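Coordinates in review
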Amino acid sequence: MPSKMRSMNFSVQFQGTGVMDKTESELKGRIAEILSVNAEELKHDVPLHTMGLDSMRMVELLVFIETKYGIDLMASDMQREDIASITALARSVERMKSA
Amino acid sequence: MTKRAPIYLDGLDWMIHTMCRMTMRNTGGVGNASQIVLQLDGKMDAGSFAASVQAFAAELPVLNGRLSRDRFFRPIWRMPRNLSVPSIRVEVHEVADAAVFQTLETLVNTPFEPGEYVVFHLVYPSAGDCLLTMVFDHRLLDARGAEQFLLLLNRFIAGGTKPEELDAMPEPQNPEWRREIREGFASARCVGETVNRNVIGSGMIRVDEKGKARGNPGHFRLRTLNEDETRTWQKRVDRDAGYLMFMPYALASACNAFSQIKAVKGRGGSFIVPSTTDLRGTTFSWKNTFFNYCSLFFFKINTGLLSDRSELIAHLKTQFFNQTKAGFPQCFQRFMGLTRGVPIRLFQLMNRYNKASFSVGIVGSSLFEGGAFGGLGIKNLFHLPLIPPQVGIGFFFSQINGRLNMGVSWREGSLTEGDVNAVENALYEF
């Protein structure tokens with residue numbers, strides 16, 4: 001692969017990771033607010049229900065996602081694995097933003 | 001005993017107080033009571049348990065309080081000036097196995113004695129083991145608060161909490177009345193819009209007209225799912241409503257069950273459904289044990305939606321989302337704060353129109369998850385709430401140790417035996 005192409009791919013990947021990190025961080029911050037806990041206590045890859053989220057608090061999070069990113073996850077056909085952790089949720093938000 | 005300063009009641013407490021008075025007038029003495037039942041895997045000793053309860057109650061003068069008004073006519077929970085130790089009755093019942101559930105019904109339909117808000121019963125079935133039940137008045141405890149109260153008692157019995165460390169007494173606050181009144185008026189628009197959209201002119205369907213008759217007791221039907229059945233039900237929640245969407249799915253299940261009642265079948269109109277939600281934060285605090293932290297959502301379901309399961313669930317999810325986005329439960333709490341200045345008789349008149357098709361209460365996972373009580377294992381824990389006659393029928397859901405309890409509560413005369421069987425099966429099979 002030519003070196004120019006390699007550096008372009010790296011740049012795209014780097015930007016994507018940065019955006020993903022930002023989204024994860026924003027979602028984590030909001031979940032911490034909803035649960036009244038420190039954001040540092042939350043892990044990115046554990047199921048949301050084990051953190052203490054229930055229906056009411058999940059919907060508060062979905063309201064945040066709609067307001068912040070303009071994405072209506074409530075009405076989408078998201079499966080459990082698409083939204084079950086902070087990382088999965090951030091990935092889904094990014095995918096839907098770019099769709 | 002410390003902290004005897006009066007406690008100011010908020011709008012939700014005031015609503016419960018007025019509803020309780022109306023219910024007592026209607027039933028001839030029984031107010032808005034509920035019951036938590038712990039099915040234990042051994043026999044609790046009545047004598048030592050009663051002694052522990054009395055020692056525990058001595059730390060909680062709030063149990064000796066009563067409704068009063070301060071000099072500005074604001075409702076308060078006033079505790080007696082003279083030092084007196086609250087007393088909580090502990091009664092023992094030895095019953096045949098077949099009569100256990102009927103006994104539980106009788107206990108929650110028995111009026112409290114004056115100034116009494118909590119009573120314990122130890123029910124010993126002939127086959128062995130024991131049921132510990134706590135009947136409580138909603139003026140002092142809501143469902144989650146009652147579980148916290150039991151959890152606190154359990155720690156006290158186990159010796160993990162010393163009396164001086166017991167700090168569940170609510171703080172006597174100094175409310176900022178002007179700010180609360182401003183916030184109440186600011187919330188009126190949100191409350192008015194939702195009530196206007198979901199209640200007024202809705203062609204509400206009700207079936208409990210006979211159940212409103214004076215003195216009609218409340219009845220219950222409870223179904224405890226085993227772990228496999230619970231997993232299957234939960235999989236359907238994930239598949240059909242989505243991850244963490246238990247509440248809209250349970251509501252849809254309740255709508256479907258209600259539509260199985262003979263008097264409802266084929267009727268056009270709407271179901272108006274208040275559903276309780278807990279406004280406590282996720283950070284646990286003993287200070288949130290007493291009084292009410294439950295607000296409401298109001299759902300409206302046109303009967304035309306009942307034939308399309310996915311449409312019904314989607315419709316409920318949309319309403320759930322919109323009301324959460326508008327902050328309706330919090331607005332409702334702030335708005336109800338304004339009613340504290342309304343004389344109780346006038347508020348009761350206003351409440352006369354406060355009707356619903358049925359109500360839904362979801363307690364969620366029990367605080368006793370994986371735990372024990374008084375050194376005995378907990379086989380099951382369930383709530384049996386009396387439904388106010390203004391509502392007539394209620395559905396309730398709670399979970400413990402991977403098992404779902406689902407139940408229906410109704411006033412005598414509003415459902416036939418056939419209706420109850422149909423409702424129970426519809427709830428389970430949805």
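Each value, and the rule that gives it
- Residues numbered from 1 in each chain as written.
- Chains lettered and ligands numbered in written order.
- Predicted model: local features only at pLDDT ≥ 70, side-chain atom pairs only at ≥ 80, totals over all residues.
- Heavy atoms only, no water.
- Phe/Tyr/Trp six-rings, centres within 6.5 Å; stacked < 30°, edge-to-face > 60°.
- Helix = DSSP H or I, 4+ residues; strand = E, 2+ residues; numbered from the N terminus.
- Buried < 20%, exposed > 50% of the residue type's maximum accessible area, 1.4 Å probe, protein only.
- Lys NZ or Arg CZ within 6 Å of the ring centre and 35° of its normal.
- Pairing = 2+ DSSP bridges.
- Contact = heavy atoms within 4.5 Å.
- Buried area = accessible area lost by both parts, 1.4 Å probe.
- Salt bridge = Lys/Arg side-chain N within 4 Å of Asp/Glu carboxyl O.
- Axes fitted to C-alpha atoms, helices over the stretch in contact; angles between N-to-C directions.

Before going further, it helps to examine the packing of aromatic side chains. All names here are of chain B. The final tally for this structure, using the stated rule, is 25 aromatic pairs over all chains. Look at Phe358 and Phe395: their rings are 5.2 Å apart centre to centre, the planes differ by 90°, and that puts the pair in the edge-to-face class. You can see Phe358 sitting in the loop between helix 10 (344-351) and strand 11 (359-365) and its partner Phe395 sitting in strand 14 (residues 393-400), a full 37 residues away along the chain. One exposure class covers both Phe358 and Phe395, and it is buried. In textbook terms, an aromatic cluster arises when at least three aromatic residues are bridged by ring pairs, as seen for Trp233, Phe246, Tyr249, Phe397 and Phe430. Sitting above the plane of the Tyr428 ring, Arg223 keeps its charged end 4.0 Å from the centroid.

A separate point is the sheet that holds strand 1 (residues 7-8) of chain B. Residue and element names in this part refer to chain B. Across the sheet, which stays open at both edges, the three strands sit in the order 1-4-3 with antiparallel pairing between neighbours. The strands lining the two open edges of the sheet, one partner per strand, are strand 1 and strand 3 (66-69). Direction of pairing for strand 1 relative to strand 4 (residues 75-78): antiparallel, over a ladder of two bridges. For Ile7, the partnering residue across the bridge sits in strand 4 and is Trp77.

Glancing now at the interface of chain A and chain B. Contacts between chain A and chain B engage 22 residues on the former and 20 residues on the latter. Buried area between chain A and chain B, summed over both chains or domains, comes out near 1800 Å², and the portion from carbon and sulfur atoms is 66%. Counting the surface chain A buries against chain B, the share from its top three residues, Ser55, Met56 and Met74 of chain A, is 35%. Linking Arg80 of chain A and Asp238 of chain B is a salt bridge whose minimum nitrogen-to-oxygen distance equals 2.5 Å.

Attention now goes to helix 3 (residues 100-108) of chain B. Taken residue by residue, helix 3 of chain B has Val100, Thr103, Leu104, Glu105, Leu107 and Val108 of chain B as its buried positions. If you follow the buried residues of helix 3 of chain B, they end up packed against strand 2 (33-40), strand 5 (89-95), strand 6 (118-125), strand 7 (130-137), strand 8 (218-224) and strand 13 (376-383) of chain B.

Time to look at the sheet that holds strand 2 of chain B. All names here are of chain B. Read from one edge of the open sheet, six strands run 5-6-7-2-13-12, paired in mixed fashion. Every other strand in the sheet has two partners, leaving strand 5 and strand 12 (372-373) as the edge strands with one partner each. Where strand 12 lies against strand 13, two bridges are found, and the strand directions are antiparallel. Within strand 13, the residue paired with Phe373 across the bridge is Leu376. Each of strand 2, strand 6, strand 7, strand 12 and strand 13 touches helix 4 (residues 143-158); the most contacted strand, strand 7, lies at about 125° to it.

All names here are of chain B. By the element assignment, Val391 lies in the loop between strand 13 and strand 14. Looking at Val391, the relative accessible area reads 8%, which means it is buried. Along the primary structure Val391 and Asp45 are separated by 346 residues, whereas in three dimensions their C-alpha atoms are 38 Å apart.

Residue and element names in this part refer to chain B. Scanning the entire structure with this criterion turns up 25 salt bridges over all chains. Measuring nitrogen to oxygen at the nearest pair gives 3.0 Å for the salt bridge that ties Glu91 to Arg89. Judged by relative accessible area, Glu91 falls into the partly exposed class, the value being 28%. For the salt bridge of Asp240 with Arg309, the shortest nitrogen-to-oxygen distance reads 2.5 Å. With Asp240 in helix 6 (residues 227-240) and Arg309 in helix 8 (residues 309-325), this residue pair connects regions lying 69 residues apart in the sequence. For Asp240, a relative accessible area of 24% gives the class partly exposed. The partly exposed category is assigned to Arg309, whose relative accessible area is 30%. Shared partners join several salt bridges into a network, and the residues in it are Arg89, Glu91, Glu113 and Glu116.

Nothing here speaks to function; it is all geometry.
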